[in-house]
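Architecture at a glance
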Amino acid sequence: MIFHRTSHLKGEVTVPGDKSISHRAVMLGALSKGRTEITNFLQGADCLSTIDCFRRLGIEIENRPACITIHGKGLDGLKAPGDILDAGNSGTTTRLISGILAAQPFETILTGDASIQKRPMLRIMEPLSMMGARIESIKGNNCAPLKITGAPLKGIHYCPKVISAQVKSAVLLAGLYAESPTSVTESALSRNHSELMLRTFGADIRTEGTTATIFPRPLLEGQKISVPGDISSAAYFIAAGLLVPGADILIRNVGINPTRNGILKVAKSMGGNITLLNERQEGEEPVADLHVTYSPLRGTAVEGEIIPALIDELPILAVMAASAEGTTVIRDAAELKVKESNRIDVMAENLSAMGCDITATEDGLIIHGKRPEEKPLQGAVIHAHGDHRIAMSFAVASLIAEGETNITDSECVVISYPGFYEDLRKLCRG
Ligand code: S3P
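1. Comments concerning the overall build of the protein
Secondary structure summary: the protein contains twelve helices and 23 strands in total. Viewed in the frame of its principal axes, the protein has a C-alpha envelope of about 65 × 40 × 40 Å. Residues counted as buried form 61% of the 430 residues belonging to the protein. The long-range fraction of contacts in the protein, counting pairs at least 24 apart against all pairs at least 6 apart in sequence, stands at 75%. Summed over all atoms, the accessible surface of the protein reaches about 15300 Å², with 51% contributed by carbon and sulfur. For the protein, the centre of its 43 positive side-chain charges and the centre of its 49 negative side-chain charges are spaced 2 Å apart.

Here is the structure:
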């Protein structure tokens, strides 16, 4: 797909539902008694993989454009799937469902696409094994395919080595079934959507600082869930709004949960003009509309506790940094190497191709930015490596680049934002 520079970015956009929250709504709906209705569900390939897995586990799920209806059967309502479960490209599906499967009275084989089969699973195999499940990496490389043999579980207090909401959530979901309470203590708080949604469905879950404790065998009841817009998807429009001269855009209905909103803090500290309007609650989740206008940006340091609150936004942040005045240093983000692609290497490779002075480090990136008036990015051939967040980041970079940008595997945006290019074009015409 070919992209060109734009001199115009105006209008309104409503981003699709949050990916993390959409996954969790399906999972908890399946484990609850009665009907769960989900509106503004993200119809991206990853969340559809979660629906497919739960259908195979015997849960009836109706998928109509306006509403997903799940006919939940309670904690003990899943049945052995007739076939292998396929999580596609979705790390969230793979890791969270493993926590549930660890407690089932049957064996499951769980796999995914080529990218999933390279992503580390030891991080969930360890705690779930400590709880009593048997989880084997079939190829012996600590990656999927996994053979999960469920068992009666015991509660544990787990302190993960990596800060990961997927690990925390897998352990807490397994904790629903354990004989005694299960706690997870993180070194910094990762996104807390599981904790918030477990409470909504009726679980007894208590949080204190970075520790979450779940008490076993609650009676979960079906709910009506309205999913807020995904701040990780909004981030591409935030960046475009800040970077394109004269831009003035409104992004409606964006989730601004404090464990996710690091991009707002960092963009503002870079000089970004972002105003939060109409702040409100959607269930347990805070939501706002974001007004973004063109702003000359300056470099910054991004490190420490804020990293988990913007981990998926680091690729687009690197694009912003490339056109900011001065140097941006991203540290403490080694997790980027084990996402859908190695995002440290892939960002360095592609931003270099566009003429940016960028160095990959062990745990981040050093970006020597130049204001576009001084040295604009140059159009280039971009290899997204099948990674939706890379493709979207470079579609935004192309809007301020001189010449043509060609993103080779641009269709991978279906993972989290099927209508992304259309929405971006509308703003360029707006
Ligand atoms: C997610 C957690 C994060 C994030 C991913 C979604 C979730 O991964 O990168 O896109 O829904 O829990 P980690 O938990 O591995 O950091």
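That shown, we press on.
2. Focus: the site of the ligand
The environment of the ligand is formed by Lys19, Ser20, Arg24, Thr92, Arg95, Ser164, Ala165, Gln166, Arg191, Ile311, Asp312 and Lys339. For the ligand, the protein covers 94% of the area, taking 380 Å² as the surface of the free molecule. For the shell around the ligand, the secondary-structure elements that each account for two or more residues are α1 (19-31), α3 (91-101) and α5 (165-175). Of all the elements, α1 adds the most residues to the shell around the ligand, at three residues.

3. Thoughts on the sheet that holds strand β7 (residues 107-111)
Read from one edge of the open sheet, four strands run β6-β7-β9-β8, paired in mixed fashion. The strands lining the two open edges of the sheet, one partner per strand, are β6 (85-86) and β8 (134-137). Relative to β7, β6 runs parallel, the two being bridged by two bridges. Note on β7: the bridge partner recorded for Leu85 is Leu110. On top of the sheet, α3 reaches β6, β7 and β9 (146-149); it is set at about 175° to β7, its chief contact.

4. Re the sheet that holds strand β15 (residues 248-255)
Spatially, four strands are ordered β2-β15-β17-β16 in an open sheet, and the strand pairing comes out mixed. Strand pairing shows two members of the sheet lacking a second neighbour, β2 (10-14) and β16 (273-282), which therefore form its edges. When the angles between neighbouring strand axes are averaged without regard to direction, this sheet yields 15°. In this sheet, strand β17 (residues 285-293) lies alongside β16 in antiparallel orientation, the contact comprising eight bridges. Counted as the bridge partner of Asn273 is Thr293 from β17. The sheet strands contacting helix α8 (residues 262-269) are β16 and β17, and the helix crosses β16 at an angle near 160°.

5. Regarding helix α10 (residues 343-353)
Every buried residue of α10 is listed here: Arg343, Ile344, Val346, Met347, Ala348, Asn350 and Leu351. Next to the buried residues of α10 lie α9 (314-322), β20 (357-361), β21 (364-369), β22 (381-382) and α11 (388-398). Two or three places before Ile344, at the start of α10, stands the capping residue Asn342, its side-chain oxygen 3.2 Å from that residue's backbone nitrogen. Downstream of α10 by a residue or two, Gly355 has a phi angle that is positive, lying close to 95°.

6. Some remarks on the packing of α9 against α11
Between α9 and α11, the least distance of the axes is 8 Å, while the angle of their chain directions is 20°. When the axis of α9 is compared with that of α11, the two are roughly parallel. Judged by the sense of rotation from one axis to the other, the crossing of α9 with α11 is right-handed. Residues Pro315, Ile316 and Val319 of α9 pack against Arg389, Ile390, Ser393, Val396 and Ala397 of α11. Its residues assigned to classes, the contact of α9 with α11 shows six nonpolar, one polar and one charged.

7. Observations regarding the pairing of β20
The pairing of β20 with β21 spans five bridges and is classified as antiparallel. Paired with Ile358 across the two strands is Ile367, which belongs to β21. Connecting β20 to the next strand, β21, in antiparallel fashion are two residues.

8. Some words on the pattern of salt bridges
Throughout the structure, instances matching the rule amount to 25 salt bridges. Close ionic contact of Glu335 with Arg123 constitutes a salt bridge, the shortest N to O distance being 2.9 Å. On the criterion of sequence distance, the pair formed by Glu335 in the loop between β19 (326-330) and α10 and Arg123 in helix α4 (residues 122-131) is long-range, its members being 212 residues apart. The same class applies to Glu335 as to Arg123, namely buried. Glu186 is the partner of Lys168 in a salt bridge, and the nearest nitrogen-oxygen pair spans 3.2 Å. Placement of the pair is Lys168 in helix α5 and Glu186 in the loop between β11 (182-185) and α6 (193-200), with a sequence separation of 18 residues. Grouping residues by exposure puts Lys168 and Glu186 together as buried. Via salt bridges that share partners, Arg119, Arg191, Asp312, Glu340, Arg343 and Asp387 belong to a single interconnected network.

Conventions and cut-offs
Residues numbered from 1 in each chain as written. Predicted model: local features only at pLDDT ≥ 70, side-chain atom pairs only at ≥ 80, totals over all residues. Heavy atoms only, no water. Helix = DSSP H or I, 4+ residues; strand = E, 2+ residues; numbered from the N terminus. Buried < 20%, exposed > 50% of the residue type's maximum accessible area, 1.4 Å probe, protein only. Contact = heavy atoms within 4.5 Å. Areas by Shrake-Rupley, 256 points an atom, 1.4 Å probe, with all protein chains shown as cover. Lys, Arg positive; Asp, Glu negative; His and termini not counted. Charge placed at Lys NZ, Arg CZ, Asp CG, Glu CD. Near = heavy atom within 4 Å. Pairing = 2+ DSSP bridges. Axes fitted to C-alpha atoms, helices over the stretch in contact; angles between N-to-C directions. Polar contact = N/O pair within 3.5 Å; in protein donor to acceptor, adjacent residues only side chain to side chain. Parallel < 35°, antiparallel > 145°, perpendicular 65-115°, else oblique. Left-handed = near helix turned anticlockwise from the far one by under 90°. Nonpolar A, V, L, I, M, F, W, Y, C, P; charged D, E, K, R; others polar. Salt bridge = Lys/Arg side-chain N within 4 Å of Asp/Glu carboxyl O.

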